[in-house]
Amino acid sequence: MSDEKIMPEWWPTNPYSETIFPMPREKYGEIVPDPKTRTALSGMLGREFWDIASRAIWEAYLDQQDNLAEQLAAAEAGNYKPKMLLKFHRTT
């Protein structure tokens, strides 16, 4: 079984791609050699990125809820055709 997580189609993409921010994790210790400063910086960056990610996920979730509400209204009016069918596979 794969460790790859399958996210919903509405899940936002990571805006911090390696192509834009190419520094490898191993280099971080070289750039910020003091462990106390590195820990403080990591914590501050972690909080910032958590807030950014949380807002992006929340906005995507709200958009998805709006889409579902529109689909439900269309289905109740008899005007909804699904875009795709989901297939489920037993994993155990």
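Structure shown above.
Residues numbered from 1 in each chain as written. Predicted model: local features only at pLDDT ≥ 70, side-chain atom pairs only at ≥ 80, totals over all residues. Heavy atoms only, no water.

Novice: Is there a simple way to explain a negative patch on the surface in this structure?
Specialist: There is a patch of like negative charges on the surface, built from Glu59, Asp63, Asp66 and Glu70. Of note, Asp66 is situated in helix H2 (residues 35-76). Look at Asp66 and you get partly exposed, because its relative accessible area is 46%. (Patch = residues over 30% accessible without salt bridge, like charges linked within 9 Å, V, L, I, M, F, W, Y side chains within 5 Å. Areas by Shrake-Rupley, 256 points an atom, 1.4 Å probe, with all protein chains shown as cover. Salt bridge = Lys/Arg side-chain N within 4 Å of Asp/Glu carboxyl O. Lys, Arg positive; Asp, Glu negative; His and termini not counted. Charge placed at Lys NZ, Arg CZ, Asp CG, Glu CD. Helix = DSSP H or I, 4+ residues; strand = E, 2+ residues; numbered from the N terminus. Buried < 20%, exposed > 50% of the residue type's maximum accessible area, 1.4 Å probe, protein only.)

Novice: Explain the pattern of salt bridges here, please?
Specialist: A side chain of one charge can pair with a side chain of the opposite charge if their charged atoms are brought near each other. Counted by the stated rule, this structure contains 1 salt bridge. The partner of Lys27 in a salt bridge is Glu30, and the shortest N-O contact between them spans 3.4 Å. With Lys27 and Glu30 both in helix H1 (residues 25-31) and 3 residues apart, this pair spans about one turn of that helix. Relative accessible area serves as the criterion here: at 38%, Lys27 is assigned to the partly exposed category. A relative accessible area of 56% places Glu30 in the exposed class.

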